[in-house]
Amino acid sequence: MGRYHGGTMLRIWNTRHRALEEFASVTPGKVGLYNCGPTVYNPVTIGNLRAYTFVDVLKRTLQVLGYEVRHVMNITDVGHLVGDGDVGEDKMEREAKRQGQTAWDIARMYEARALADEARLNILPPDVLPRATEHVAEQIALVQALEAAGFTYRAADGIYFDTAKFPAYGSLSGQKLEEKAEGARVAIREDKRNPTDFALWKFSPTDGTKRQMEWESPWGIGFPGWHIECSAMSVKYLGQPFDIHAGGMDLIPVHHENEIAQSEAIQGTPLARYWMHNEFLTVDGRRMGKSEGNAYTLDDLMARGHDPLAFRYLCLNAHYRSKLNFTWEGVAGAESALQHLRQLARALPSSGEPNPEAVSAWRTRFIQALEDDVNTPAVLAVVWECLKSEADPVVKAALLREMDQVLGLGVAELIGVPFGAPAEVVALAEERVVVRQAKDWAASDRLRDAIAEKGWKVEDRKDGGFSLTPM
Ligand code: AMP
Ligand code: ZN
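Since the structure is predicted, the reported quantities are computational estimates derived from the model, not experimental observations.

Remarks on the coordination of the zinc ion (ligand 2)
Alright, step 1. Here the zinc ion (ligand 2) is held by Cys 36 (SG), Cys 230 (SG), His 255 (NE2) and Glu 259 (OE), and the distances to it run 2.1 to 2.3 Å.
Alright, step 2. Around the zinc ion (ligand 2), the 4 donor atoms are arranged such that angles at the metal cover 82 to 130 degrees; this shape is classified as irregular.
Alright, step 3. For the zinc ion (ligand 2), all donor residues lie on one chain, and their spacing in sequence is C-x193-C-x24-H-x3-E. A residue pair is termed long-range when its members are at least 10 positions apart, and Cys 36 in the loop between β3 (30-35) and α1 (46-64) and His 255 in helix α6 (residues 252-267) qualify at 219 residues. Taken as a pair, Cys 36 and His 255 share a single burial class, namely buried.

Describing the domain arrangement of the chain
Alright, step 1. Domains assigned within the chain are domain 1 (11-278), domain 2 (290-414) and domain 3 (423-470).
Alright, step 2. For domain 2 and domain 3, the distance between their C-alpha centres works out to 29 Å.

Thoughts on the environment of Asn 325
Alright, step 1. Within the secondary structure, Asn 325 is located in strand β13 (residues 324-325).
Alright, step 2. A C-alpha to C-alpha distance of 8.2 Å links Asn 325 and Phe 280, two positions 45 residues apart in sequence.
Alright, step 3. Contact partners of Asn 325, with chain neighbours within four places excluded, come to Thr 282, Val 283, Asp 284 and Gly 285.
Alright, step 4. Separated by 2.7 Å, the side chains of Asn 325 and Thr 282 make a polar contact.

Quick word on the environment of Ile 451
Alright, step 1. Mapped onto the elements of the fold, Ile 451 is located in helix α14 (residues 441-453).
Alright, step 2. Sequence separation between Ile 451 and Val 379 is 72 residues; the distance between their C-alpha atoms is 29 Å.
Alright, step 3. Beyond its immediate sequence surroundings of up to four residues, Ile 451 is in contact with Val 425, Leu 428, Ala 429, Trp 456, Val 458 and Leu 468.

So, the site of ligand 1
Alright, step 1. Around ligand 1, the surrounding shell holds 19 residues, and the nearest of these are Gly 248, Asp 250, Leu 281, Arg 287 and Met 288.
Alright, step 2. Contact between ligand 1 and Gly 248: an oxygen atom at 3.0 Å from a main-chain N or O atom of the residue.
Alright, step 3. The side chain of Asn 278 places a nitrogen or oxygen atom 3.2 Å from a nitrogen atom of ligand 1.
Alright, step 4. For ligand 1, whose accessible area on its own is 490 Å², the fraction buried by protein is 93%.
Alright, step 5. Counting residues per element, the ones that place at least two in the shell around ligand 1 are α1 and β9 (242-248).
Alright, step 6. The dominant element in the shell around ligand 1, judged by the number of residues it contributes, is α1, at 4 residues.
Alright, step 7. In terms of residue class, the shell around ligand 1 is built from 8 nonpolar, 7 polar and 4 charged.

Regarding the nonpolar core
Alright, step 1. In this structure, Phe 23, Ile 46, Leu 62, Ile 244, Phe 311, Tyr 313 and Phe 326 are the most contacted members of the largest nonpolar core, which totals 78 residues.
Alright, step 2. For this core, the element with the highest residue contribution is α1, accounting for 10 residues.
Alright, step 3. Formed jointly, this core draws a minimum of three residues from each of two domains, domain 1 (11-278) and domain 2 (290-414).
Alright, step 4. The next biggest cluster of nonpolar side chains, apart from the first, holds 49 residues, and it includes Tyr 41, Ile 106, Phe 223 and Ile 260.

Digging into the pattern of salt bridges
Alright, step 1. Tallied over the full model, the rule gives 30 salt bridges.
Alright, step 2. The residue Glu 93 makes a salt bridge to Arg 211 at a minimum N-O spacing of 3.7 Å. Highlighted residues: Glu 93 in helix α2 (residues 91-99) and Arg 211 in the loop between β7 (198-203) and β8 (222-224), separated in sequence by 118 residues. By the burial criterion, Glu 93 is buried, and Arg 211 matches it.
Alright, step 3. With a closest N to O distance of 2.8 Å, Arg 342 and Asp 307 form a salt bridge. Of this pair, Arg 342 sits in helix α9 (residues 328-346) while Asp 307 sits in the loop between α7 (298-303) and α8 (308-316), and the two are 35 residues apart along the sequence.
Alright, step 4. Accessibility expressed as a relative area gives 15% for Arg 342, which makes it buried.
Alright, step 5. Three or more residues joined by partner-sharing salt bridges are found here, namely Arg 113, Asp 117, Arg 120 and Asp 299.

Here's the deal with the sheet that holds strand β4 (residues 68-73)
Alright, step 1. Strand order across the open sheet formed by 4 strands is β4-β3-β9-β10, with parallel pairing between neighbours. Sheet topology places β4 and β10 (272-278) at the edges, where each strand pairs with a single neighbour. Ignoring which end each strand starts from, the neighbouring axes of this sheet average 20 degrees apart.
Alright, step 2. By the bridge criterion, 3 bridges tie β3 to β9 in an arrangement that is parallel. Counterpart to Asn 35 in the pairing with β9 is Ala 246.

Reading the values: the criteria
- Residues numbered from 1 in each chain as written.
- Chains lettered and ligands numbered in written order.
- Predicted model: local features only at pLDDT ≥ 70, side-chain atom pairs only at ≥ 80, totals over all residues.
- Heavy atoms only, no water.
- Donors = N, O, S within 2.8 Å, 3.2 Å for Na, K, Ca; no water.
- Tetrahedral: all angles 85-135°; square planar, octahedral: opposite > 155°, others 65-115°.
- Helix = DSSP H or I, 4+ residues; strand = E, 2+ residues; numbered from the N terminus.
- Buried < 20%, exposed > 50% of the residue type's maximum accessible area, 1.4 Å probe, protein only.
- Domains from an automatic or database assignment.
- Contact = heavy atoms within 4.5 Å.
- Polar contact = N/O pair within 3.5 Å; in protein donor to acceptor, adjacent residues only side chain to side chain.
- Near = heavy atom within 4 Å.
- Areas by Shrake-Rupley, 256 points an atom, 1.4 Å probe, with all protein chains shown as cover.
- Nonpolar A, V, L, I, M, F, W, Y, C, P; charged D, E, K, R; others polar.
- Core = buried A, V, L, I, M, F, W, Y, C linked by side-chain atoms within 4.5 Å.
- Salt bridge = Lys/Arg side-chain N within 4 Å of Asp/Glu carboxyl O.
- Pairing = 2+ DSSP bridges.
- Axes fitted to C-alpha atoms, helices over the stretch in contact; angles between N-to-C directions.

This is the structure:
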């Protein structure tokens with residue numbers, strides 16, 4: 001039970017049952033949370049970062065509700081192939097060739113960049129960050145167990161999971177095995193028993209090409225299939241069943257179905273009790289993705305002069321189960337809202353005892369919004385309503401401090417910190433002094449409006465100077 005649980009309860013949408021469910025953890029007061037992390041062969045996109053921002057807000061929500069959270073996110077640094085259906089080159093090895101570096105260097109470089117991007121977005125680091133290449137023994141052990149229980153078969157290029165032997169296959173996405181005809185993107189393969197079968201272990205190529213990442217195994221030299229790492233590492237660090245498994249919704253039909261099959265075929269217990277999936281960041285209605293060729297990175301946003309936290313604000317302003325269409329206007333809008341929020345935070349007092357009842361009334365509303373399937377747009381609405389209200393500034397400060405624990409926008413740190421107007425605003429105000437001395441009142445009014453547009457109010461002082469206050 002969480003700290004704030006007084007009659008209300010956290011309800012979350014569980015993809016597994018396609019229903020809004022009351023959350024109850026396996027161990028009271030504790031939550032095990034796993035999310036599928038980046039494949040580190042090129043920079044993460046802001047689409048990926050939407051997924052990680054959602055997990056971060058979910059984790060902060062659980063913490064504010066009083067749970068002790070153990071968060072695990074994997075690093076996919078081997079085994080993710082270029083083609084669907086377990087064919088094609090390993091993304092890591094292909095990129096290594098392209099850049100003339102080792103696959104290991106590529107993996108470490110993009111892992112570091114992904115984590116740096118997360119830090120810029122105030123995403124709290126996971127408690128455990130396991131790499132697939134450092135858990136090959138655990139993955140082999142799981143494949144061996146599946147083999148011993150009769151769920152696998154040997155094909156030309158690897159050991160495969162026989163999905164026909166796991167009747168629940170497809171239950172996460174609600175698809176029946178026979179309905180899941182392979183799409184146009186997946187070449188039909190003669191040596192697979194069922195179109196949905198997937199590789200657990202792949203053999204190193206026999207055509208003379210040498211892989212950089214390969215390991216000895218009971219089936220010869222090779223490397224793990226993409227899906228097995230998540231089954232092996234989530235259970236190693238969180239046990240089975242653990243509480244919440246998260247990821248973007250593109251992972252539902254293949255990757256997560258496969259994780260469930262691998263982990264539940266023998267165990268007979270669920271891998272995770274709740275499956276939570278974020279909707280896409282889109283461009284013109286299509287998923288933003290590396291493979292779609294329509295992706296932006298956080299560096300792209302920063303190169304255009306945007307504050308990375310404007311992207312966090314943009315994400316928070318949409319519910320995680322709604323599509324969020326990316327536009328530059330949208331980022332700019334989020335950025336001005338964030339700037340405004342910062343100014344209001346600075347204007348609040350950093351000390352003073354708030355009236356506990358007044359704080360509690362607002363708190364109840366924001367906690368209820370969080371408990372309503374992590375409704376961050378509703379939380380932001382409460383923040384704005386509170387800040388614009390006639391409430392005591394000490395109460396506002398107390399509330400903003402608490403809410404920012406979940407929002408992670410870094411505005412709590414600004415409370416009571418005196419603000420200085422940005423240089424461009426000061427420049428406009430100085431220009432206004434000059435035109436006023438020349439008695440050009442029309443120009444003076446235009447400059448006042450320009451300053452107001454940037455969120456500042458200019459006032460003339462008796463000494464001929466000016467003062468700037470946030471609006
Ligand atoms: P990947 O590195 O492609 O395996 O993806 C890492 C995470 O980002 C996964 O949870 C994906 O589901 C998620 N993801 C990928 N593209 C998007 C997108 N456009 N919007 C939201 N999440 C995404
Ligand atoms: Zn995964």
